[in-house]
Amino acid sequence: MSKNTLALAFGAALAATTALTSFSALAAGEKIFVSFQNLSEPFVIAMNRALQAEAKVLDVSLIVVDAQSNSPKQSADLANAVVQGAKGVIVAPNDAKALAPAIDDLLAEKIPVVTVDRRVEGTTKPVAHVGADNVAGGRTLANWVVKTFPNGARIVHLSGQPGSSSAIDRAKGFRDGIAAAGSKYQLIADQTANWKRAEGLTVTEGILTANASNPPDVVVASNDDMALGALEAVRSTSGGKSKTLVIGFDALPETLGKIRAGEMSGTVEQSPSTQIRTALNTLVNHIRKGSELKSMALEPTLITKDNLDKADRIGEVK
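What you see is a predicted model, and the numbers here were worked out from it, not measured in a lab.

### Brief notes about the side chain of Thr-282
At step 1: Mapping Thr-282 onto the fold places it in helix α11 (residues 272–289).
At step 2: Separated by 2.8 Å, the side chain of Thr-282 and the backbone oxygen of Thr-278 make a polar contact.
At step 3: Those residues in contact with Thr-282, other than ones at most four positions away along the chain, are Leu-293, Lys-294 and Met-296.

Written as structure tokens, this is what we have:
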């Protein structure tokens, strides 16, 4: 599904919500429990901002909790959703498999659940998911490398938090795409930096030091925080003279500014605001009128200097 198609689906869901005259009498102010994997991540901060705005439109109360990248904490938080009388739950799982028992407990209590951004695996019943096609996003990064370096490239790949479905999928899409391009594309390093800028910096510094005599052509990071850390490492280890390119994923405003300035090559857009608004509308429509909980997938878009206007958060670039 394309970005435009998902936006249309969201628009239709929103229109249907607005058109229902019985909503406010039936469930105004009902509680929706939302568990994010880590509210300190810039991508999640943007998602939460859009969630708060949409909740006001729909007249629902939110209980938003931060798992702090801790699966046992997130499982305990989800158990607390029952105690707090939540009518529905939205969750961005810290780990694709670790959250399955906690989500099964919610389903047993007949509390509807929608995952957003990151899927869950191993539940007894299917769980509706709204998010980007992260495998496609990884392939998009691989395709950009092949197009940018038609004669081959030495590549550093920074993957995300182990166990996260988005990290697993982006890495799969990228690795498969590079493998299919042939042996002239070499992954000289393939390491996690756990979505974190500081780790992106230190991991990349170590790789660049080890390859000082033959630097990589490009650093491909599975999120923008790691990419920004890698960019700092590239600058610091070369005195600003390195030709190593850096590309990321998430289209953060800071990254968009770097792309506009010619300091970064690109990023992949996955529209966090559309994801969370669609997830909330899907869940509220199900609670209020029994609409089916359906999964929706967003096809990520590569953002470069040539199409910055297509970025979801371009208006936030300073």
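### Considering the pattern of salt bridges
At step 1: The full count for this structure, using the stated rule, is 13 salt bridges.
At step 2: The partner of Arg-277 in a salt bridge is Glu-54, and the shortest N-O contact between them spans 2.5 Å. Of this pair, Arg-277 sits in helix α11 while Glu-54 sits in helix α3 (residues 42–58), placing them 223 residues apart in sequence.
At step 3: The partly exposed category is assigned to Arg-277, whose relative accessible area is 23%.
At step 4: The class for Glu-54 is buried, based on a relative accessible area of 2%.
At step 5: Between Glu-263 and Lys-258 there is a salt bridge, with the nearest N and O atoms lying 3.5 Å from each other.
At step 6: In the salt-bridge network here, residues are joined through shared partners; they are Arg-49, Arg-313 and Glu-316.

### A closer look at the UniProt feature "domain: Periplasmic binding protein" (unreviewed entry) in the chain
At step 1: In this numbering, the UniProt entry assigns the feature "domain: Periplasmic binding protein" (unreviewed entry) to residues 32–288.
At step 2: The distance separating the terminal C-alpha atoms of residues 32–288 is 12 Å; by composition the span is 49% helix and 19% strand.

### Some remarks on the nonpolar core
At step 1: Val-156, Leu-158, Val-219, Met-226, Val-246, Leu-256 and Met-264 are the most contacted members of the largest nonpolar core, which has 28 residues in total.
At step 2: Mapped onto this core, the elements with two or more residues apiece are β6 (153–159), α8 (197–210), β8 (218–221), α9 (224–238) and α10 (253–260).
At step 3: Ranked by residues supplied to this core, first place goes to α9 with seven residues.
At step 4: Residues within four places of Val-246 in sequence aside, it is in contact with Val-219, Ala-227, Ala-230, Leu-231, Val-234, Met-264, Ser-265 and Gly-266.
At step 5: Residues Ile-32, Ala-50, Ile-90 and Val-114 belong to the second largest nonpolar core, which totals 23 residues.

### Describing the sheet that holds β6
At step 1: The parallel open sheet is built from four strands, whose spatial order is β7-β6-β8-β9. Strand pairing shows two members of the sheet lacking a second neighbour, β7 (185–192) and β9 (245–247), which therefore form its edges. Neighbour to neighbour, the strand axes of the sheet diverge by 20° on average, direction disregarded.
At step 2: Bridge count between β6 and β7: seven bridges; the pairing is parallel. Paired with Val-156 across the bridge in β7 is Ala-189.
At step 3: In the packing of helix α6 (residues 134–148) onto the sheet, the strands contacted are β6, β7, β8 and β9, and the crossing angle to β8 comes to about 165°.

About the criteria used
Residues numbered from 1 in each chain as written. Predicted model: local features only at pLDDT ≥ 70, side-chain atom pairs only at ≥ 80, totals over all residues. Heavy atoms only, no water. Helix = DSSP H or I, 4+ residues; strand = E, 2+ residues; numbered from the N terminus. Polar contact = N/O pair within 3.5 Å; in protein donor to acceptor, adjacent residues only side chain to side chain. Contact = heavy atoms within 4.5 Å. Salt bridge = Lys/Arg side-chain N within 4 Å of Asp/Glu carboxyl O. Buried < 20%, exposed > 50% of the residue type's maximum accessible area, 1.4 Å probe, protein only. UniProt positions renumbered as here; feature names shortened; annotations may be inferred. Core = buried A, V, L, I, M, F, W, Y, C linked by side-chain atoms within 4.5 Å. Pairing = 2+ DSSP bridges. Axes fitted to C-alpha atoms, helices over the stretch in contact; angles between N-to-C directions.

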